[in-house]
Amino acid sequence: MFCQKCGAEIDNEAVICVKCGEGLNKDIGLDKKNGLGIAGLVLGILSIVIGWLIGIIGIAMGIVGIACSVKQRKLFPNSIANAGLITSIIGTATTTIILIAGLLVSFLI
Ligand SMILES: [Zn+2]
């Protein structure tokens, strides 16, 4: 695509023009900026919900959610990335505790 301000040809993935610094397609850019954070948030919430039912899947989702949120925080730190990180950590932690508790109970019985 081409920069609307200076006309320079730029990468489709670019968020700002490398030549003049103009922000590009701000709506699309915002989606891309928040994409990983939203993924992290959704995975975090799912890991909390699903973790109660299927521990291993909850942990996997939580870890992927943490990875997404951490990457998001490095690229574009914002509240969605923070919320995604927090929910993913809570999901992973609670799911791990539930799983370990379940294993301990099954060993004791
Ligand atoms: Zn430009």
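Treat the numbers as computed from the prediction; the structure is a model and nothing was measured.

Undergrad: Can you lay out the overall build of the protein chain for me, pointing to particular residues and giving the numbers?
TA: In terms of helices and strands, the protein chain carries 3 helices and 0 strands. Put simply, the protein chain runs from its N terminus to its C terminus through helices and strands in the order α-α-α. Against the globule reference of 13 Å for 109 residues, the protein chain gives a C-alpha radius of gyration of 19 Å, more extended than a compact globule. Summarising its shape, the C-alpha atoms of the protein chain cover approximately 70 × 20 × 15 Å along the three principal directions. By the burial criterion, 28% of the 109 residues in the protein chain qualify as buried. Expressed as a percentage of contacts within the protein chain between residues at least 6 apart in sequence, the contacts between residues at least 24 apart total 51%.

Undergrad: Explain the nonpolar core to me, using residue names and the numbers behind them.
TA: One finds Leu-36, Ala-39, Leu-43, Ile-50, Met-61 and Cys-68 forming the largest nonpolar core, which totals 6 residues. Ranked by the residues each element gives to this core, the list is headed by helix H1 (residues 26-51), at 4 residues. Judged by nonpolar contacts, the second largest core, of 5 residues, contains Leu-41, Ile-80, Ala-81 and Leu-85.

Undergrad: I'd like a description of helix H3 (residues 79-108), backed by residues and values.
TA: In a regular helix each residue adds 1.5 Å, so 30 residues correspond to 44 Å; H3 covers 43 Å between its end C-alpha atoms and thus fits that length. Of the positions making up H3, those classed as buried are Ile-80, Ala-81, Gly-84, Leu-85, Thr-87, Ser-88, Gly-91, Thr-92 and Thr-95.

Undergrad: How would you explain the confidence of the model for the protein chain if you had to name every residue and give the values?
TA: Scored by pLDDT, the protein chain comes out at a mean of 82, with 91% of its residues at no less than 70. Confidence, expressed as mean pLDDT per element, reaches its minimum in the protein chain at H1 with 74 and its maximum at H3 with 88.

Undergrad: Explain helix H2 (residues 55-75) to me, and be specific about the residues and the numbers.
TA: Between its terminal C-alpha atoms H2 stretches 30 Å, which fits the 30 Å expected from 21 residues at 1.5 Å a residue. The set of residues buried in H2 consists of Gly-55, Gly-58, Ile-59, Met-61, Gly-62, Gly-65, Ile-66, Cys-68, Ser-69 and Gln-72.

Undergrad: Summarise the environment of Leu-85; cite the residues concerned and give the values.
TA: Summarising the element assignment, Leu-85 is placed in helix H3. Sequence separation between Leu-85 and Gly-44 is 41 residues; the distance between their C-alpha atoms is 7.5 Å. Setting aside its immediate chain neighbours within four residues, Leu-85 contacts Gly-40, Ile-66, Ser-69, Val-70 and Arg-73.

Undergrad: For the packing of H2 against H3, give the residues involved together with the corresponding values.
TA: Any two packed helices are characterised by the angle at which their axes cross and by the distance between the axes. Running from N to C, H2 and H3 cross one another at 155°; their axes reach a closest spacing of 8 Å. Overall, the two elements H2 and H3 adopt an arrangement that is roughly antiparallel. For the pair H2 and H3, the crossing hand works out as left-handed. When grouped by side-chain class, the residues that make up the contact of H2 with H3 number 11 nonpolar, 13 polar and 1 charged.

Undergrad: Any chance you could break down the environment of Ile-45 for me, citing the residues and the numbers?
TA: Within the element layout of this structure, Ile-45 appears in helix H1. For Ile-45, a count of 18 C-beta atoms within 10 Å corresponds to the partly exposed category. C-alpha separation for the pair Ile-45 and Ala-14, spaced 31 residues apart in sequence, amounts to 30 Å.

Rules used throughout
Residues numbered from 1 in each chain as written. Predicted model: local features only at pLDDT ≥ 70, side-chain atom pairs only at ≥ 80, totals over all residues. Helix = DSSP H or I, 4+ residues; strand = E, 2+ residues; numbered from the N terminus. Rg over C-alpha atoms; globule rule 2.2 N^0.38 Å. Buried ≥ 20, exposed ≤ 12 C-beta atoms within 10 Å, placed from the backbone. Contact = placed C-beta atoms within 7 Å. Core = buried A, V, L, I, M, F, W, Y, C linked by C-beta atoms within 7 Å. Expected span 1.5 Å × (residues − 1). pLDDT = per-residue confidence, 0-100. Axes fitted to C-alpha atoms, helices over the stretch in contact; angles between N-to-C directions. Parallel < 35°, antiparallel > 145°, perpendicular 65-115°, else oblique. Left-handed = near helix turned anticlockwise from the far one by under 90°. Nonpolar A, V, L, I, M, F, W, Y, C, P; charged D, E, K, R; others polar.

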